[in-house]
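Each chain, letter by letter, is given below.
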Amino acid sequence: MSTQTEPLDNPADGKTGLFYPPHAQPLRGDEGFIHATWKFLRNPVEGFGPLAYNQPIVSVPNFGKKLHVITDPEGMMQVLQHEATKFTKTAIDARILGPATKEGLLSVHGEQWKRQRKAVAPMFRKRHMEDLAPIISTTLDAFCEGLDAEPDVELNAAMAELTFDVLAKALLGDPQGIDGERLKYATRNMVTSAGTLRPDDLIPFPAWVPRPISPKGSRALKKLKKAADVLIAQRKKSPVENDLVSLLIAARDPKTGEGLSAREQRDNLIGFFIAGHETTALTLTWALYLIGMHRPTAERIRAEVMAICPEGNVSYDQMAELKFTQAVIDETMRLYPPAPMLNRLCHEDTVVSGREIKAGDTFLLCNYVMHRTERLWDNPLAFDPDRFIRDPKLKAKGAPYMPFGAGPRICVGAAFATMEALMSLARLVRDYDVKIPEECYPKPLMTVTLRPQGGVPARMVRR
Ligand code: HEM
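Residues numbered from 1 in each chain as written. Predicted model: local features only at pLDDT ≥ 70, side-chain atom pairs only at ≥ 80, totals over all residues. Heavy atoms only, no water.

The criterion, for reference: UniProt positions are given in the numbering used here, feature names are shortened, and annotations may be inferred rather than shown by experiment.
Per an unreviewed UniProt entry, the recorded name for the protein is Cytochrome P450 monooxygenase, and the organism is Litorimonas cladophorae. Looking at the Cofactor (unreviewed entry) heading of the UniProt record, one finds this comment for the protein: "heme".

## Some remarks on the overall build of the protein
Stated formally: Strands here mean DSSP runs of E at least two residues long; helices mean DSSP runs of H or I at least four residues long; both are numbered from the N terminus. As defined in this context, the radius of gyration uses C-alpha atoms, and a globule is described by 2.2 Å times the residue total to the power 0.38. We call a residue buried when its accessible area falls under 20% of the maximum for its residue type, exposed when it is over 50%, and partly exposed in between, using a 1.4 Å probe and counting protein chains only. Contacts are assigned to residue pairs with any non-hydrogen atoms lying within 4.5 Å of each other. For the area figures, the Shrake-Rupley method with a 1.4 Å probe applies, and any residue is considered shielded solely by the protein chains shown. Charged residues are defined narrowly, with Lys and Arg counted positive, Asp and Glu counted negative, and His plus the chain ends left uncounted. In this description, the location of a charge corresponds to atom NZ of lysine, CZ of arginine, CG of aspartate or CD of glutamate.
What the protein contains, in helices and strands, is 16 helices and twelve strands. Radius of gyration (C-alpha) of the protein: 22 Å, near the 23 Å computed for a compact globule of 463 residues. Its C-alpha atoms give the protein principal-axis dimensions of about 60 × 55 × 40 Å. Counting every position in the protein, which comprises 463 residues, the buried fraction comes to 56%. Counted over contacts in the protein with a minimum sequence separation of 6, partners at least 24 positions apart contribute 75%. With an accessible surface of roughly 20200 Å², the protein has 57% of that area assigned to carbon and sulfur atoms. Across the protein, the 60 positively charged side chains and the 56 negatively charged ones have centroids separated by 6 Å.

## A word on the sheet that holds strand β9 (residues 432–435)
Where strands meet in a sheet, backbone hydrogen bonds hold them as pairs that are either parallel or antiparallel. The condition that has to hold: A strand pair is defined by DSSP finding two or more bridges across the two strands. Think of each axis as a best-fit line through the C-alpha atoms, taken over the contacting stretch in the case of a helix, with angles from 0 to 180 degrees between the N-to-C directions.
Taken together, the three strands give an open sheet; going across it, the order is β4-β12-β9, and neighbouring strands pair in antiparallel fashion. Two strands in the sheet have a free side with no partner beyond their single neighbour: β4 (152–154) and β9. On average, adjacent strands in this sheet sit at an angle of 30° to one another, irrespective of strand direction. The pairing of β4 with strand β12 (residues 457–462) spans three bridges and is antiparallel. By the bridge assignment, Val153 is partnered in β12 with Ala458. Together, β9 and β12 form the strand contacts of helix α16 (residues 414–431), whose direction differs from that of β9 by roughly 90°.

## Some remarks on the sheet that holds strand β8 (residues 362–365)
Spatially, β1-β2-β8-β5-β3 is the arrangement adopted by the five strands of the open sheet, whose pairing is mixed. Edge positions in the open sheet fall to β1 (57–62) and β3 (87–88), since each of these has one partner strand only. Where strand β2 (residues 65–70) lies against β8, four bridges are found, and the strand directions are parallel. Bridging across to β8, Val69 finds its partner in Leu364.

## Observations regarding the side chain of Thr163
The condition that has to hold: Here a polar contact is taken to be a pair of N or O atoms separated by no more than 3.5 Å, where protein atoms must pair a possible hydrogen donor with a possible acceptor and residues adjacent in sequence count only if both atoms sit in side chains.
Secondary-structure assignment places Thr163 in helix α7 (residues 155–172). Only 3.4 Å separates the side chain of Thr163 from the backbone oxygen of Ala160, close enough to count as a polar contact. Those residues in contact with Thr163 that sit more than four places away from it in its chain are His277, Thr280, Ala281, Leu284 and Glu420.

## Observations concerning the layout of surface pockets
Selection criterion: Here the term cavity refers to a set of points on a 1 Å grid, laid over the protein atoms alone, in which a 1.4 Å probe fits but cannot get out; the term pocket refers to an open set having protein on both sides within 12 Å along at least five of seven lines, with lining residues being those that place an atom within 4 Å of a point. Grid points are joined across faces, edges and corners, and a volume is the space filled by probe spheres set on the points. Polarity classes work like this: nonpolar for Ala, Val, Leu, Ile, Met, Phe, Trp, Tyr, Cys and Pro, charged for Asp, Glu, Lys and Arg, and polar for all others, with Gly in that last group.
In this structure, the second largest pocket occupies an estimated 500 Å³ of space. For the second largest pocket, the lining is made up of 25 residues, of which Lys395, Phe404, Ile410, Ala414 and Thr418 are closest to its centre. At five residues, α16 tops the list of elements feeding residues into the lining of the second largest pocket. Across the lining of the second largest pocket, the residue classes tally to 16 nonpolar, six polar and three charged.

Laid out in structure tokens, this is it:
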């Protein structure tokens, strides 16, 4: 079995047939402080060594306070769930996301968060998921036509197109008079320029210190806000049934009946676009990469999908039957959690994983490391979707698997993302051979989300 600190020379294990996909090279543990910090700043998931992989908590001094890295499920659950009221997100999130979505669910805290969460949660319930499945189907049909015309793609860019289009239709319905391309361009620009982690983001500036962004990012942000305002105004004038913007406008706290302010509506709309398309796109990108590199997985997915849905798209009701395809998505998010590191600021002294914590200390909750830790996982570096079928408890509450976070702030869009990923993967793998150059072995690079460094070139060959 490979260990966390050995480089993987040979990605294919001849004995078991398991595939060992790319991983971020951990620290050896004997580097000096400056080298380790430099690695962390360049690619945060490469900034952890044997201590973080072998211990539940690692603490280092941090500008007069402490920074604690948590990589075990108990500590994560304590911070994210059991003692969630003692923690808020740090100023890092506010600095990166604040300019775009300061008053949205992603960024707010306390009573404002509670009120918003209660108001928007019903939008993502099962009843609406069933309504949204046909939207995913029609978007997939159009996407596949595009692939047939142009089969050579860079997977990350192609999947971002797909998931953006799905989200735009789900959120906006059929947005007459809205320039969808412009909205897409503005959102993508915002995500790739202003919304990308930079070394200076890790300096603990207070949230009110402005974060300089490039003129391109700033223009994109302005356009995005304007487009969102126009959309909301339009919907208020002529309401449409069941698209998510109309639900956002109609959303009420079930207890108080209070709705969201105009600013909150806009910031949530932008927040959903930012949080909801890149993450699902990366899940699909990494999944297609793994499938393209491991033919037996492609064949098993194809057989499973053919047995229940030989043509067209998988329906909402058929999804539960795609056990192996779902396991591939679970395993993809274990190896490449799209949000690989969460953060929290402590507001009240406490004890976490046996360590005394003071108010003002910062936490990095690193699910990327937790998902690859030998003390918690069998053969953690191998791509082995069957582990989720062999042991369904791996997805239970408190298990060392948290791609959507945990506790009250767990991803509100998780059911939507899961449905979209499953329907898309089933259709794409059934209908296409994913051809990826053999030498393509992209390192996971954390830029807030976890992207394949340099992208993944692929040819999608219609079967
Ligand atoms: C595979 C896809 C996705 C992944 C892996 C993912 C992951 C996450 C994670 C880990 C969090 C918790 C952050 C924290 O606690 O600091 C989160 C929160 C959130 N996500 Fe997702 N997400 C995905 C898709 C989506 C989609 C499709 C939407 C909306 C359409 C969405 C909207 C949100 C929002 C609004 C929050 C903030 C919730 C709150 O603070 O109450 N996400 N997501």
